[in-house]
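If you want the building blocks of each chain, they are given just below.
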Amino acid sequence: MLAAARLAERFGAAPDARAVPATALALALLVPAVTAVSNQLSRAVERRADAFALRVTDDPATQIAFQKRIAVRNVGEPDPPGWAQALFGTHPTTLERIAAAEAERR
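Please read all numbers here as calculations on a predicted model, not as lab measurements. (Residues numbered from 1 in each chain as written. Predicted model: local features only at pLDDT ≥ 70, side-chain atom pairs only at ≥ 80, totals over all residues. Heavy atoms only, no water.)

Caption draft 1: Focus on the overall build of the protein chain. When helices and strands are counted, the protein chain shows 5 helices and 0 strands. If you list the helices and strands of the protein chain from N to C, you get α-α-α-α-α. When its C-alpha atoms are laid out on the principal axes, the protein chain stretches across 65 × 25 × 20 Å. Taking all 106 residues of the protein chain together, the buried fraction comes to 18%. Within the protein chain, residue pairs in contact and separated by at least 24 positions form 68% of the contacts whose partners lie at least 6 positions apart. About 7,800 Å² of surface is accessible on the protein chain, with carbon and sulfur atoms providing 65% of the total. Here the protein chain contributes 13 positive and 11 negative side-chain charges, whose respective centroids are spaced 3 Å apart. (Helix = DSSP H or I, 4+ residues; strand = E, 2+ residues; numbered from the N terminus. Buried < 20%, exposed > 50% of the residue type's maximum accessible area, 1.4 Å probe, protein only. Contact = heavy atoms within 4.5 Å. Areas by Shrake-Rupley, 256 points an atom, 1.4 Å probe, with all protein chains shown as cover. Lys, Arg positive; Asp, Glu negative; His and termini not counted. Charge placed at Lys NZ, Arg CZ, Asp CG, Glu CD.)

Caption draft 2: Representation of the packing of helix H2 (residues 19-57) against helix H5 (residues 94-105) within the structure. As a packed pair, H2 and H5 sit with axes 11 Å apart at the nearest point and diverge in direction by 35°. As for the relative orientation of H2 and H5, their crossing is right-handed in sense. On the side of H2, the interface is formed by Glu46, Arg47, Asp50, Leu54 and Arg55, while H5 contributes Glu96, Arg97, Ala100, Ala101 and Glu104. When grouped by side-chain class, the residues that make up the contact of H2 with H5 number 3 nonpolar, no polar and 7 charged. (Axes fitted to C-alpha atoms, helices over the stretch in contact; angles between N-to-C directions. Left-handed = near helix turned anticlockwise from the far one by under 90°. Nonpolar A, V, L, I, M, F, W, Y, C, P; charged D, E, K, R; others polar.)

Caption draft 3: Fine view of H2. Relative to the 57 Å expected for 39 residues at 1.5 Å per residue, H2 spans 55 Å between its end C-alpha atoms, a close match to the ideal helical length. Turning to H2, its buried residues are Asn39, Arg43, Asp50 and Leu54. Contacts made by the buried residues of H2 are with helix H3 (60-73), helix H4 (82-88) and H5. Where H2 terminates, the next one or two residues include Asp58, which has phi positive at roughly 50°. (Expected span 1.5 Å × (residues − 1).)

Put into structure tokens, the structure is as follows:
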């Protein structure tokens, strides 16, 4: 809120406490949308990194074993609901990563 107030002051708006709820609402609506887009980009980068690693190492079995191991160790959800993945997932799901490694194995 302080950053938003300072920005408003910089553009010549007088500080006004009545603007706080509107600013909070705007942020509450904007942040999830920006986060979903950012997460989608992050997942795409991670997919490319996985594909590169598979091409360089030519060892999909190790990638598969690693994905299984970290899912168990981190008590991760290997296939989260689509809405949760779209909103919160910064990496491909464990099952997506294993499927990509399996496809590379073939």
